[in-house]
Amino acid sequence: MAAREREFTAPTVQLLTHEGELRPSPEAEAYLPLVEALHDAELQRFYRDMAVSRRIDVAGANLQRQGQLALWVPSHGQEAAQVGSAHAARPQDHLFPSYREHIVGMIRGLDLVRVLALLRGATLGGWNPEENGNFHLYTLVLASQTLHATGYAMGLQFDGATATGDPETDAAVLVYYGDGSTSQGDANEALVFASSYQTPQVFFIQNNQWAISVPVARQSRSPLSLRGGGFGMPGIRVDGNDVLASYAVTRQSLEEARAGDGPSLIEAVTYRMGAHTTADDPTKYRTDDEVAYWEARDPITRYRTWLEGRGASASFFADVEAEANDIAADLRRRALELQAPTREAIFEHVYSEPHPLMVEQAAWLENFETSFENPEGGAA
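Residues numbered from 1 in each chain as written. Predicted model: local features only at pLDDT ≥ 70, side-chain atom pairs only at ≥ 80, totals over all residues. Heavy atoms only, no water.

The protein chain is annotated in an unreviewed UniProt entry as 2-oxoisovalerate dehydrogenase subunit alpha of Agromyces cerinus subsp. cerinus. Its UniProt record gives the protein chain a comment under Catalytic activity (unreviewed entry), which states: "N(6)-[(R)-lipoyl]-L-lysyl-[protein] + 3-methyl-2-oxobutanoate + H(+) = N(6)-[(R)-S(8)-2-methylpropanoyldihydrolipoyl]-L-lysyl-[protein] + CO2". The UniProt entry for the protein chain carries the following text under Cofactor (unreviewed entry): "thiamine diphosphate". (UniProt positions renumbered as here; feature names shortened; annotations may be inferred.)

Pasting the structure below:
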């Protein structure tokens, strides 16, 4: 007997239509005051950051194709979800990325040459989150950052650093992961602990429709936002190509987390316009018609149309384009100047104090490397 077809749906919070008109969906009405409270400078900053993100994407891909990076991870198409959510966080919040949130790091104060150094193999770590807006390290092991974030959120509770009633100091955690990572055990274990301990945390799923070559429909027969309810927390589906909706929903969810109302899950429905990474060829598994469908829903074009309707000048957009080009050119120049770490660097921070085992291993490595310089007689 054929399997019975079932249909699962979830409402989507949308403020800006695909055509760039402010026409909130019924589910978005409650979030409208959060957007109305934004000043023009903040609204323009959203556009600026999205434009910069896309320009950096081009520079990063070019560097990789020219042999200057081992890998580049593009975010073309996902700018609204990332920029909106990043601006929703307060300075004291902690953000745990996967490996695609370059503009989120930049918004939090990270110099993106640190990301390029990581992808060039010129660093053995990355950066100190405390010195970079509490933007934590990239995680290439899928979904492991969800557990790190949940543990950190539990730590905030133990330290009394949240739910005190002071929104200027109370902290929350925002963790990013993709639709593919929702199938990992770590992501589900993190949701269990977050719900059990009512952590001050927001799980932000960027559903870009593809886990490398596996479509989201293969991984989940229902909207990913419905998983929140299964773990005992609110699940909200948002148009991830709408920067205003992404901002407002994340802002509200983080405020509730800081106030002690527990975790929530956001599914930002977006699309990865480019490859999963520069090691991938998306033409092998998706159609031109699908790409064209999402191209017509471009987050930057949509938002620009709305800003223009509000009176943003042509000079504003020209200035943003010039700034984005300058930032990308500066990053490229500094990336090409990066030097490989020394042989000794790998041993320097394994232990807090000098350790004989590290001394022994450093000597072995030095002898091994030197043997290639003097193959006849070994080390000099």
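After that view of the structure, there is still more to cover.
Visitor: Break down unusual backbone geometry for me, with residues and values.
Guide: Note: most residues except glycine have negative phi, and most peptide bonds are trans. Even without glycine at this site, Q209 takes up a positive phi of about 80°. Mapped onto the elements, Q209 comes out in the loop between β4 (201-207) and β5 (210-211). For Q209, a relative accessible area of 16% gives the class buried. Phi angles above zero are rare outside glycine, and I212 is one such case at about 55°. Considering the arrangement of structural elements, one finds I212 in the loop between β5 and β6 (214-215). (Helix = DSSP H or I, 4+ residues; strand = E, 2+ residues; numbered from the N terminus. Buried < 20%, exposed > 50% of the residue type's maximum accessible area, 1.4 Å probe, protein only.)

Visitor: I'd like to hear about the packing of aromatic side chains, residue by residue, with values.
Guide: Within the structure shown, the criterion is met by 17 aromatic pairs. Residues W127 and F135 carry aromatic rings whose centres are separated by 6.0 Å and whose planes lie at 20° to one another, so their mutual orientation is stacked. Per residue, the accessibility class of W127 equals that of F135, and both read buried. Aromatic rings pair up to connect Y47, F316 and F317 into one cluster. Stacked on the ring of Y293, the Lys or Arg R297 has its end atom at 3.7 Å from the ring centre. Sitting over the face of the ring of F317, R304 holds its NZ or CZ atom 4.1 Å from the ring centroid. (Phe/Tyr/Trp six-rings, centres within 6.5 Å; stacked < 30°, edge-to-face > 60°. Lys NZ or Arg CZ within 6 Å of the ring centre and 35° of its normal.)

Visitor: Give me the domain arrangement of the protein chain: which residues, what numbers.
Guide: Per the domain assignment, the segments making up the protein chain are domain 1 (12-337) and domain 2 (343-373). Here the C-alpha centre of domain 2 lies 39 Å away from the C-alpha centre of domain 1. (Domains from an automatic or database assignment.)

Visitor: Talk me through the sheet that holds strand β3 (residues 173-178); I want residue IDs and the actual numbers.
Guide: In space, the 6 strands of this open sheet follow the order β1-β7-β8-β4-β3-β2, with parallel pairing throughout. The sheet terminates laterally at β1 (12-13) and β2 (94-96), the two strands that pair on one side only. For β3 and β4, the ladder comprises 6 bridges, and the chain directions are parallel. Among the inter-strand pairings, V175 is bridged to a residue of β4, identified as F203. (Pairing = 2+ DSSP bridges.)

Visitor: Give me the lowdown on helix α2 (residues 40-65), citing residues and values where you can.
Guide: Taking 1.5 Å of rise per residue, 26 residues should cover 38 Å, and α2 covers 38 Å from first to last C-alpha, within 8% of that figure. G67 sits one or two residues past α2 and shows a positive phi near 80°. (Expected span 1.5 Å × (residues − 1).)

Visitor: Got a sec to walk through the layout of surface pockets? Specific residues and values, please.
Guide: For the largest pocket, the calculated volume is near 490 Å³. Where the lining of the largest pocket is concerned, the elements lending two or more residues are α8 (216-219), β7 (235-239), β8 (264-269) and α11 (288-295). For the lining of the largest pocket, the element with the most residues is α11, which contributes 3 residues. A per-class count over the lining of the largest pocket returns 10 nonpolar, 8 polar and 7 charged. Together, 19 residues line the second largest pocket, and Y99, G178, G180, S181 and H276 are the ones closest to its centre. Of all elements in the fold, only β3 and β5 reach the threshold of two or more residues within the lining of the second largest pocket. Residues of the lining of the second largest pocket, tallied by class, amount to 6 nonpolar, 10 polar and 3 charged. (1 Å grid on protein atoms, 1.4 Å probe; cavity = no way out; pocket = protein on both sides within 12 Å on 5 of 7 lines; lining within 4 Å. Points joined across faces, edges and corners; volume = space filled by probe spheres on them. Nonpolar A, V, L, I, M, F, W, Y, C, P; charged D, E, K, R; others polar.)

Visitor: Can you tell me about the pattern of salt bridges, naming the residues and giving the values?
Guide: Two side chains of opposite charge can pair, provided their charged atoms sit close to one another. One pass over the structure, following the stated rule, counts 22 salt bridges. Between R310 and D40 there is a salt bridge whose closest N-O contact spans 2.5 Å. Of this pair, R310 sits in the loop between α12 (299-309) and α13 (314-336) while D40 sits in helix α2, placing them 270 residues apart in sequence. Classification of R310 by relative accessible area gives partly exposed; the value is 45%. Under the relative-accessibility criterion, D40 is labelled partly exposed at 48%. Across the salt bridge formed by E323 and R48, the nearest N and O atoms sit 3.0 Å from each other. Of this pair, E323 sits in helix α13 while R48 sits in helix α2; the two residues are 275 residues apart in sequence, bridging distant segments of the chain. (Salt bridge = Lys/Arg side-chain N within 4 Å of Asp/Glu carboxyl O.)

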